[in-house]
Structure formats: C-alpha cells, structure tokens
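Okay, here's what each chain looks like letter by letter:
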2 protein chains.
Amino acid sequence: MSLGITYTKARRTLGVGFALLLGSTAAPALAEGPTLSEEAFDASKQLYFEQCAGCHGVLRKGATGKNLEPVVKTTKADGTVVEGGTLKLGQERLEKIIAWGTEGGMNNFSDIMTEDQIRDMATYIQMDPPKPPEMSLTQMQATRKVYVEEADYPTEPLHGRNWENFFVVIERDAGKVAVIDGDTKEVLVHIPTGYAVHVIKASEHHSISEPENPGRFWYTMGRDGKMTKIDLWQTPDKMLVSEVKVAYDARDVAVSGDGKYIIGGAYWPPHFVISDAVTMEPLKVVSTRGVNTEGDYVEEARVAAIYTTPHEPTWLVAVKELGQMWQVDYSDIDNLRIDKIDTSRFLHDGFFDPTGRYFQIAANASNQMVVVDSKERKLEAIIDTAALPHPGPGANWVDPNCGPVAGTTHLGEGTVTVWGNDPEGHPDQAWKTCYEVETDGAGLFIRTHPNSDYYWADQTKHPEPEVQQSVQVISKETGEIVKTIQVTDTPGTAAVHFEFNADGTEVWVSKWNMSDSLEPNGEIVIYDAKTLEEIGRVKGLYAPTGKFNVYNRSNHVT
Amino acid sequence: MSLGITYTKARRTLGVGFALLLGSTAAPALAEGPTLSEEAFDASKQLYFEQCAGCHGVLRKGATGKNLEPVVKTTKADGTVVEGGTLKLGQERLEKIIAWGTEGGMNNFSDIMTEDQIRDMATYIQMDPPKPPEMSLTQMQATRKVYVEEADYPTEPLHGRNWENFFVVIERDAGKVAVIDGDTKEVLVHIPTGYAVHVIKASEHHSISEPENPGRFWYTMGRDGKMTKIDLWQTPDKMLVSEVKVAYDARDVAVSGDGKYIIGGAYWPPHFVISDAVTMEPLKVVSTRGVNTEGDYVEEARVAAIYTTPHEPTWLVAVKELGQMWQVDYSDIDNLRIDKIDTSRFLHDGFFDPTGRYFQIAANASNQMVVVDSKERKLEAIIDTAALPHPGPGANWVDPNCGPVAGTTHLGEGTVTVWGNDPEGHPDQAWKTCYEVETDGAGLFIRTHPNSDYYWADQTKHPEPEVQQSVQVISKETGEIVKTIQVTDTPGTAAVHFEFNADGTEVWVSKWNMSDSLEPNGEIVIYDAKTLEEIGRVKGLYAPTGKFNVYNRSNHVT
C-alpha cells in the first residue's frame, strides 16, 4: 500500500474538475487566473511541500511564514475590508520574493530552486491550494513492516560495545540515521529511515514506571510521516527492527515513560497517533484541528513537537497554530485525558528544567518562552525573549547570581536569553530574564552538560558563511563569550547542533554539508569540553545535523 | 450583526464559481449534472437544513440517516470498489424516497413538503453539499444582547408564586418557551427564544460547589444556535434577561455545577462554547471535529447533548459521530481538561443513575445504552437494547427482583428495556437487562418519580394516530402495563413527553399540535399520578413538547 502524499488525481489546469476534486475554497476570479500544465503543477506541488509548507502550511494559511492564499481579506479596526493575497502581489513580485527572500525572515531560494522552478512556484501559489487527503487508522496499519520479530529480539547487547555512549545522528537529506560508537568514534551503520528525520527519541528513565533498559530502543519520525524503530542491542545490520507510516507530513515522536507506547505528531493530517511501542501497531488517532487561543477555527493546526514528561504518565504535545500545549495522559488510552493548556503562538521546540517538572518551549512568533507545569498540568509562566527563540534541546545550568537558569538561542537575532527556572529555591529570579548575551549571529541550538563550565551556541541562521560556520562558547560563571570556534571553512557547509558525550568531557558539533547533502562529505567535529581544542573528527556522514547521546538523552541530562 | 446560516454568496447553478466558493469536494461528473435556479437552490438549502440535516448532516456524510453525497465509493472486504450515492439513485427514485419514506426509518415527507419542494430537494441532494461557514469567538461576542442588566436582577422573587413548582415548557416551532405555575396551572408568559428549542437546563444543586438559588436561572438552546437566559424570580414580562448566538445549528446547553458557566453544544460549526453564565459572554470555543472510535476523521462531529455531572466539576459532552463522551472539566478553563471516553455511535441523549455517579446514554445506531462513570471519568459498561434507544430524561426506580434499575423507550420499536444500575448493592444485576416490556408503539420518552408506583412511556413514533396519541403506564412492582391512556384524539396531534410535579402527585403529558404548530392549540393534560385519571388541562400552548419542573430538575429527581 502506497501512502505518499498523492492528493486526488485531477486535471491540473484550473477548470471545474480541478476545483471540484480538490475542495478549493478561494477566489472565484481564478477561473481566468494563472494556470500551469499538469506536470508543472505536480512538480510545484511537490516542491512546495518540501520547501515551503513547513513555514506557510499546506493550506497556505501561514504560521512561521506569511499567508499565501490567492485572495486574503482582512478587516481593519474601522471595519473596512482590505483585499490582499498572492494574486494581488502578482507573478513578477512573487518571483522576486522567492528568489531573493525578504527582510521579514523569508529565505532566498535562488540557490535552491532553478529559475523555471521559481517561475512555476510563483504561479502555483496564485492558484488555489489543493487539500491533501486524510489518513485513516486502517491505512496506517497497512503500512507496518517488521524486519525483526519481537521473539527474535536479543536478550543482551550482541556487539560487546559500550552502547550507552553511542550517538544516534540524523543524516537529514539522505533519509538515514547513523549510529556512532562514542568511545571508538566508529560509524557502525547508516540506517534507512523516513525522509529528513527531524528528531529521534529514546525510551527514557521515568519516575513512575520505568521502561526496560532505557535508551535501548530509539524511534525516528521522518518528514514523510514514516516512523522507524531502532534496537541498539542488535548487530548494526539488524538495528532497524520495524516501521510504520502515520502521516504524509510529520515532525516528532516520543516514547511513553513506561516504554509501552510511542506517539507520532503530524503536520498533515493535523493529528497525533498513539502506537504500540513494541509492535509499532497504530492504536489511536487524535485530531489536533481546533480553535486557537484567539477563538478562531484552524484546520491546519499542526503538531510541532512532542515530549515525554519525566514524572507524570503523560506527553506534552505542542499544537503549533492553536497556541496550546496538550498534556496527553497515556495511562488509559480508551479514556484519553488531555489537558489543553492555553499558551502563545506559534509553538515550536523546548526542553525540561533540571527537576523535570517544568517544560520550557519557544512560542517563536510571539518572541516568548512558555513554561508549562507538568505536575499541575497548567501554564506556569511566559517569558519575553529576543526575536524568534529556538532552543532545540536547550541548556540548564547554575548561574552565580540567579541560581538555576536556562537559555535559548534565537532564529531572529544573535542573542542568547537566560532566565531563572527555580521557582522554589529562587522565587524572585524564576521565569525572569537573568541576562542576555549578544552573539555574532542567529542560531538554532544551545547545549551544555552538568560537568562542563561552558554552554555552547551555534549561529547557523547567519547569512555570512564565516559566522554560520562558527560556534560560540560562553562561560557559565561570567556569561561572557570565552571562545569563538570556526568549526569548518568548507564552502557550502555550516556548523550546527551540539551534543556532549556521556561523561561530559567531549562536545560534538556537526559540520553540515548543505550544498552536497546527498554525499558522505559531512563530519562531526569533536572538542575537548575543558580545553575547547579539537580532538577528533568522525567523517563519512551524510548531512549530519541532530545528535543524540544514549546516556544523556535517556537520563534527562540537559 | 446578522449570523444566520448564510454560506458564501455565489452562483447557484453548478459552475466553476459555485464549486470554488463553496469548497465542494465530490463528483467531477457534476459539472454536467443536475442544476437548480438560484432561488430553488437557496430554498432547498434552507429546507434541507431544517428538515434533513439533523439526521443526514449538513455535509451529508450521514449519521442517524444515510449518506447523501452525490458519489460515494465503498471498498468491500475483497478490495473491489462499489460506487453509489445520490447521482446513481437518480431523480425519480429520490423523489419517491423523500415522499414516501423507507422501511429503514426514513420518514415520509409528503405531508411536510410540497411536490415542488420534493422535486427540488431530490435535485439538490444530487449536487455537491455547500459547506457552511465557521463562526469565531469574536462573531459570537458581537451577538450578545442584554435585556436586564445584572445590577437590576431582583434579590428575591418578585411575583410571590411558588416558583419551585413552575414548569418551563418548550413551544417548539413557535420558537418560544412557556412558563406555567404548577400550583395554579396558569400560563405566565411565552418567552421568545431560538427556533425549535431542543432542551432547557437550569442551574442545579451540586455536591462540590452550589450555585446560588438552584433552579432560578434557566438556559435555552435553539436549533439556530441562539441561547437565552431566563430568570424565574422576575415578573413574567422581564424573565428573558439576555441572549447570545454561538452556532448556526445547535442542540443542547448545560450549566456548570457552581453556576458560573454555561456550555452550548453545536451541530455546525461542530464545537462547544463555554460562556459566562451571568453575562452570557462567550469565553472559549472547543472544536469537536475529530477521529472516531474506528480511526476515521469526521469533520461533522456534532455535539448531541451536554449534561452537568452532580458530583464532579465537569460536563459530559456527547460527540455523536465520534462515538465519544467528552468529560470536560470547567474548574480551570484556561487549562481545560477533557477526558475523551471511547463508547459507541451515534450518541444521542441520556440521564444519570440515582446516585449521580453513572451516566446512561443512548448510542442509537448501535442499539446500545452506554454507561459512563463520571467519578473515574471512564467507560463503565455497554448494554444491548432494542432498536434505536431514546430515553429522553429517562427513569430510575427500584425493581423487586433486580434492585435499582433504569429504563428506556426506543425510536425503532415498541419496547421498554429495563436494566440494573446499582453496581455496589447489586453487582450481579448491574448493567444487565432485567426485563423488557412490549408496548404498542415506538416512543421518545420514559419518566417516573420516586413517589409514584408507575413509570410512563409514550409512543410518539408510531405511524397510527391512535397509538401515537396514547401513552402507557407500567407498574414498577410487576413490569406490567396497567393502563393505556389516549391523551388526545384530535387529528394532527400526538401525545409526547412526561413531567411530574414537585411532589410527584401529578403527571403532565403534552398534547402536541403538530399539524398547526404555530397556533396556540396545544395543551398539557394533567393526570393524577395514583388514580391515573385526568385532573386538568393547560390550554393555549404552541406545540408544547418538553416540560421541565423546576424542583425536579434542579434536585436531580429522576
């Protein structure tokens, strides 16, 4: 059974058949508007899905990016209606925006798309957005594949390696995950997964109900909605044990604290799916379509990220466009408790405080970090930050003035914002900005380790290669940048994402070969966490981005 | 601001403009298919909404009634696809079905629609269903009207009457609610409400957090989504104190146990709305679109009914097409807890057991009564019944053999099913059929009172007038029908619905003037609850159906 994002087949020029089949809802004037050949429409649709939908949405209502519907009517405060939309912008203007980007944060795509592709895309977004199909539980169940039967799972590690210091590494565009021995630095295997895996999650230690052998099983979610299960006790060639597809477009996955369930969160259809963590059999689908905190219905209300709470039998599901965190209780999935916590938009990614009670997540369009109290299942606080916070796996440490603190990098500017996060021990500092650090460029990730004196920030979003290729190391004691390290100077590569090894003595940074991402020219550069000197490289990786150390991730070391 | 169900204005013959504007999703062949003039389309759309949408849905996916989309593809077990739908049935066949009904439960509409209306309706349902618009919180807030300011609410009853024995009576087609003095039998006022009010709810006694003066404030929900607030302490001409519209199509309303909030449940948009019970200001909207217990996405997942739990700070929201009971906790609406309890389809109406812990609700397409444990917020049991159970306000009593029991009438046949409902005192009988009673005809309502030896069942769904006009009185002691009472013999009227007075000495039955429902020719016929003899009539009512005694309803007397 094929479950690619096929949409309904129809004529691709804008006639009656097209509009009827695809459920278009916009401008009547389009009947005489821009058209594309069937091939150009299909190619643009696929390219839009891969390059544009993440920010603008498949229905083009906008989120991180702007609304891209053909006709958009906005009612102003005085009651007058202003008509905008892509038809009004027109072909020439749209081509320029796509090619060159905007100061509002739109990337330039002149490097990524051909001139023909840009021309067709400008036309495509003046046409009605086709609505992709739904996906039923039965369809999902039919996609499940088992490579190693549960009865054949090993009862002890088969490779004699220190698997708790393994690193599981996303090889983004190749649709693979690499497993690296953190002790020997050997690449053990490249496991085929879904396309452009966003996050990988392991079974973790949990205070109520432990899974067996936390950190043994890892689960990936591809952008194409394919989830895979990886068993680190297997010999490398057999580590991929099963897979299932639960969406056409997806971002995140998490394991329940007891190791019984996994949950996959989707962009389209907008839903999450609870599956059996052993068999990968999908069991339950919950739609996230809903009404946002402003009181407006949002069809494309997408699951940005999902996290397992360390002390409650719950997951935190960030429903991006609703501005709501849904705390989903997995202790009885037939009587599914969900606490819908009103926060801010648009929710993106986050991390727990050191106690595991409070979850700190970016609401990037609001320039805020939102704090959820997972014990009380309610909003704890909202902290104003710099533009477009993006912490990734985040960082917690102890500041000499503010006590326990956490920090985030920002997509919008070169700033690290640091806030207090110990409401019991330091109520005066809690959820208030402690200080900010000006870095050289906007970045994606911040990271530290309890045994380290520093926290690290990348600058991957800066337009200049030299800054993009450099990371900055900041002192926990002084809040000063102590070193700027240019990780790579190879054209078309960037430095991105950090992970410490299990004992905190090494920092692993990705040299992300963006421009030839399907070639094994990417590397991980390893630094001594104390001297900040390079001590080694892992080569032969396909566009390595996120890295996950087994011990740190399964023991909540942040 | 007008919020009638206007849809988007567009050409009403099936051209490009129509399909584009209304977001149609079905058959491409329709471009050459049946068409209607703009006037005929609009008239059919309105008639469909009033007469057909309740069972078939505005999007025509079906629920109690069949799917009515132009093209319906069904995949059989062997993988072959069968194409059906209204286009396949065709004009002539559809006209006959609408006019004459079917054995499957479709009513005959030859009495209700003209020949022209039937012809146009047969055409209309072969065309794509237009999708009605959404409704935002801001739109709802703009519809609020206050007739009596809160500051002007009286501090004691202004009329010197025994308001706790008032009856609040639905005057269905007139869009009114009558208030009747149960002691004197005087009709005090006909209050204008929304169209075809389905249920009225009062503030009630609650074990955790009492409202002030339970039973004083009553809330109505019209089919048109208009909610009104009634103050029984006012002089009759001022009893309507405020109103607000929260949907285009709606069925039920409930008050929180603490009297602070009201919740309105809608058919379209599929959502519920929490409002301030004092001011009627809408505060929060929650979509009920979701994935049903089979794992399929349902856009038109409608709120069939809502009930206040007597001992928990929650409402039970029956989401009809999902087969789920949502237990919604109102103690913190910014961090809204919802327990989504998987049950059976299609959920309709129900009632609590005498302890107030267990809620018993009909899943009428499954021929089951579903029991929810409101304390544990989970499914307790499912009981098989006769065809299409419909208990209305229901009845609980004590059976000599089975102990505490409850019963339901059925839309599908003349049977009363009785089951045990005391899992603590009578675990062997609990949630099992105790016995069944064969009555003369299918009915809508069953009712009793703790002080009465009998329970009463109506037969409103029977096709023969004589049976439809008769009710049956059944002994609690023997389970035998002790008397059949013909309440009315006026052509075009039916006997429907019972309510006891506060002390249980009288039974009030509606003589529902269906055929001239906009005239005040309806009556309530009052019987002595012991002798079963008629003791009086309340005349001058407009199509009276449901009746609600203030004391009984606000004190959970069932």
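Since the structure is predicted, the reported quantities are computational estimates derived from the model, not experimental observations.

Asker: How should the overall build of chain A be read in this particular structure?
Answerer: Check the secondary structure of chain A and you find eight helices and 37 strands. Oriented by its inertia axes, the alpha-carbon framework of chain A measures out at about 65 × 55 × 50 Å. The buried share among the 558 residues of chain A stands at 62%. Partitioning the contacts of chain A with sequence separation of at least 6, the portion at a separation of at least 24 is 52%. In the structure as shown, chain A presents an accessible area of about 20,300 Å², 47% of it carried by carbon and sulfur atoms. Distance from the positive charge centre (51 side chains) to the negative charge centre (80 side chains) of chain A: 5 Å.

Asker: Would you explain the state of the cysteines in this entry?
Answerer: When the sulfur atoms of two cysteines share a covalent bond, that bond is a disulfide. All names here are of chain A. All told, the structure shown has two disulfides over all chains when counted by the stated rule. Covalent S-S linkage joins C402 and C434, the inter-sulfur distance amounting to 2.1 Å. Handedness of the C402-C434 disulfide follows from its S-S torsion of about 90 degrees: it is right-handed. Taken together, the positions of C402 in the loop between β25 (395-399) and β26 (403-408) and C434 in strand β28 (residues 433-438) put the pair 32 residues apart, joining distant regions of the chain. On the basis of relative accessible area, C434 is assigned to the partly exposed category, the value being 22%. C52 takes part in no disulfide bond, and the closest cysteine sulfur, belonging to C55, lies 9.0 Å away.

Asker: I keep staring at the packing of aromatic side chains and nothing clicks. Help me out?
Answerer: The relation between two aromatic rings is expressed through the spacing of the ring centres and the mutual angle of the planes. All names here are of chain A. Per the counting criterion, the structure on display carries 28 aromatic pairs over all chains. Their ring planes at 50 degrees and their centres at 5.9 Å tell us that Y48 and Y124 sit as a pair that is tilted. Remark: Y124 occurs in helix α5 (residues 115-124) and Y48 occurs in helix α2 (residues 38-51); sequence separation between them is 76 residues. Exposure remark for Y48: the relative accessible area of 3% places this residue in the buried category.

Asker: Honestly, the sheet that holds strand β32 (residues 481-486) of chain B in this entry has me stumped. Any pointers?
Answerer: Remark on secondary structure: sheet strands pair via backbone hydrogen bonds, oriented parallel or antiparallel. Residue and element names in this part refer to chain B. Reading across the sheet, the four strands line up as β29-β30-β31-β32 and stay open at both edges, with antiparallel pairing between neighbours. Either end of the sheet is taken by a strand with one partner, and the two such strands are β29 (446-447) and β32. Pairing of β29 with strand β30 (residues 454-458) involves two bridges; the strand directions are antiparallel. Residue pairing across strands places I446 opposite A457, the latter belonging to β30.

Asker: Just to check I follow, could you spell out the side chain of T385 of chain B for this structure?
Answerer: Residues and elements named next belong to chain B. Structurally, T385 can be placed in the loop between β24 (378-384) and β25 (389-399). A polar atom in the side chain of T385 sits 3.5 Å from the side chain of H410. Apart from residues lying up to four places away in sequence, T385 is in contact with N367, Q368, M369, H410 and T417.

Asker: Would you mind going over α2 of chain A with me for this structure?
Answerer: An ideal rise of 1.5 Å per residue puts 20 Å on 14 residues; α2 of chain A measures up with 20 Å between its terminal C-alpha atoms. Every buried residue belonging to α2 of chain A is among A40, F41, S44, K45, L47, Y48 and F49 of chain A, and all of these are buried.

Asker: What am I meant to see in the sheet that holds β25 of chain B here?
Answerer: Residues and elements named next belong to chain B. Strand order in this open sheet of four strands is β25-β26-β27-β28, and the pairing throughout is antiparallel. Edge positions in the open sheet fall to β25 and β28 (433-438), since each of these has one partner strand only. When strand polarity is set aside, the average angle formed by the axes of neighbouring strands in this sheet is 20 degrees. Taken together, the five bridges between strand β27 (residues 415-420) and β28 define a ladder with antiparallel strand orientation.

Asker: How should I be thinking about the packing of helix α2 (residues 38-51) of chain B against helix α5 (residues 115-124) of chain B in this particular structure?
Answerer: The geometry of a pair of packed helices is captured by two quantities: the angle between their axes and the separation between those axes. Residue and element names in this part refer to chain B. Where α2 meets α5, the closest approach of the two axes is 9 Å, and the angle between their N-to-C directions is 90 degrees. Comparing their axes, α5 and α2 come out roughly perpendicular. Of α5, the residues touching α2 (which contributes A40, F41, S44, K45, L47 and Y48) are Q117, D120, M121 and Y124.

Asker: Can you walk me through the environment of Y195 of chain B in this structure?
Answerer: Residues and elements named next belong to chain B. By the element assignment, Y195 lies in the loop between β6 (187-192) and β7 (199-202). Sequence separation between Y195 and E115 is 80 residues, and the spatial gap between their C-alpha atoms is 25 Å. Residue contacts for Y195: discarding those within four places in its chain leaves E50, R172, D173, G175, G222, R223 and D224.

Asker: Honestly, the side chain of Q126 of chain B in this entry has me stumped. Any pointers?
Answerer: Residue and element names in this part refer to chain B. Mapped onto the secondary structure, Q126 falls in the loop between α5 and α6 (137-141). Of the residues examined, Q126 reaches a relative accessible area of 4% and is grouped as buried. There is a polar contact of 3.0 Å between the side chain of Q126 and the side chain of Q91.

Asker: Got a minute to help me understand the pattern of salt bridges in this structure?
Answerer: Close approach of charged atoms allows side chains with opposite charge to pair. Residue and element names in this part refer to chain B. Scanning the model with the defined rule gives 70 salt bridges over all chains in all. The partner of R172 in a salt bridge is D173, with the nearest N and O atoms 2.7 Å apart. Residue R172 is classed as partly exposed on the basis of its relative accessible area of 29%. We classify D173 as partly exposed; its relative accessible area is 23%. Between K226 and E243 there is a salt bridge; the shortest N-O distance is 3.6 Å. With K226 in strand β9 (residues 226-231) and E243 in strand β10 (residues 240-245), the pair connects residues that are 17 residues apart, well separated along the chain. Its relative accessible area of 23% is what places K226 among the partly exposed residues. Look at E243 and you get buried, because its relative accessible area is 5%.

Asker: How should I be thinking about unusual backbone geometry in this particular structure?
Answerer: It is generally the case that most residues other than glycine have a negative phi and that most peptide bonds are trans. Residues and elements named next belong to chain A. Cis peptide bonds are those with omega within 30 degrees of zero, and the linkage from W268 to P269 qualifies with -10 degrees. Looking at where P269 falls in the secondary structure, it is placed in the loop between β12 (261-268) and β13 (271-276). Of note, R377 is a non-glycine position whose phi angle comes to about 55 degrees, a positive value. Tracing the backbone through its elements, the reader meets R377 in the loop between β23 (368-373) and β24 (378-384). Its relative accessible area of 8% is what places R377 among the buried residues.

Asker: How should I be thinking about α5 of chain B in this particular structure?
Answerer: Working note: α-helix, 3.6 residues per turn, so residues spaced by three or four point in the same direction. What α5 of chain B keeps buried is the set I118, D120, M121, A122, T123 and Y124 of chain B. Where α5 of chain B is buried, its residues meet α2 and α4 (86-100) of chain B.

Asker: Help me understand the packing of helix α4 (residues 86-100) of chain A against α5 of chain A in this model?
Answerer: Residues and elements named next belong to chain A. Relative orientation of the contacting elements α4 and α5 amounts to 125 degrees, with a least axis distance of 9 Å. By the angle between their directions, the pair α4 and α5 is classed as oblique. Every pair of crossing elements has a handedness; the one defined by α4 and α5 is right-handed. Facing α4, whose interface residues are Q91, L94, E95, I98 and A99, α5 presents I118, R119, M121, A122 and T123. By residue class, the composition of the contact of α4 with α5 is six nonpolar, two polar and two charged.

Asker: What is the right way to read the UniProt feature "domain: Cytochrome c" (unreviewed entry) in chain A from this model?
Answerer: Mapped onto this numbering, the UniProt entry gives "domain: Cytochrome c" (unreviewed entry) at residues 39-129 of chain A. With 46% helix and 9% strand, the stretch residues 39-129 of chain A has end C-alpha atoms that lie 16 Å from each other.

Asker: Help me understand the confidence of the model for chain A, please; the structure alone is not making it clear to me.
Answerer: Close reading of the predicted structure is inappropriate where its pLDDT is low. This prediction gives chain A a mean pLDDT of 92; 94% of its residues lie at or above 70. Note on residues 7-31 of chain A: pLDDT under 50 across the span, and 77 contacts to partners over four residues away in sequence or across chains.

Asker: How should I be thinking about the environment of E300 of chain B in this particular structure?
Answerer: Residue and element names in this part refer to chain B. Relative to the elements of secondary structure, E300 occurs in the loop between β16 (297-298) and β17 (303-308). For E300, a relative accessible area of 6% corresponds to the buried category. Look past the residues within four positions of E300 in its chain and what remains in contact with it is G57, V58, L59, R60, W268, P270 and E321. In this structure the side chain of E300 is engaged in a polar contact, spanning 2.5 Å, whose partner is the backbone nitrogen of V58.

Asker: Sorry if this is basic, but what is going on with the pairing of strand β13 (residues 271-276) of chain B here?
Answerer: Sheet faces and side chains relate simply in a regular strand, where the side chains alternate between the two faces. Residues and elements named next belong to chain B. Summarising burial for β13: five of the six residues are buried, a large majority. Bridge count for strand β12 (residues 261-268) against β13 is five bridges, and the pairing is antiparallel. Paired with I263 across the two strands is I274, which belongs to β13. Counted along the chain from β13 to the antiparallel partner strand β14 (residues 282-287), the turn is five residues long, and its residue M280 has a positive phi close to 70 degrees.

Conventions used here
- Residues numbered from 1 in each chain as written.
- Chains lettered and ligands numbered in written order.
- Predicted model: local features only at pLDDT ≥ 70, side-chain atom pairs only at ≥ 80, totals over all residues.
- Heavy atoms only, no water.
- Helix = DSSP H or I, 4+ residues; strand = E, 2+ residues; numbered from the N terminus.
- Buried < 20%, exposed > 50% of the residue type's maximum accessible area, 1.4 Å probe, protein only.
- Contact = heavy atoms within 4.5 Å.
- Areas by Shrake-Rupley, 256 points an atom, 1.4 Å probe, with all protein chains shown as cover.
- Lys, Arg positive; Asp, Glu negative; His and termini not counted.
- Charge placed at Lys NZ, Arg CZ, Asp CG, Glu CD.
- Disulfide = S-S within 2.5 Å.
- Phe/Tyr/Trp six-rings, centres within 6.5 Å; stacked < 30°, edge-to-face > 60°.
- Pairing = 2+ DSSP bridges.
- Polar contact = N/O pair within 3.5 Å; in protein donor to acceptor, adjacent residues only side chain to side chain.
- Expected span 1.5 Å × (residues − 1).
- Axes fitted to C-alpha atoms, helices over the stretch in contact; angles between N-to-C directions.
- Parallel < 35°, antiparallel > 145°, perpendicular 65-115°, else oblique.
- Salt bridge = Lys/Arg side-chain N within 4 Å of Asp/Glu carboxyl O.
- Left-handed = near helix turned anticlockwise from the far one by under 90°.
- Nonpolar A, V, L, I, M, F, W, Y, C, P; charged D, E, K, R; others polar.
- UniProt positions renumbered as here; feature names shortened; annotations may be inferred.
- pLDDT = per-residue confidence, 0-100.

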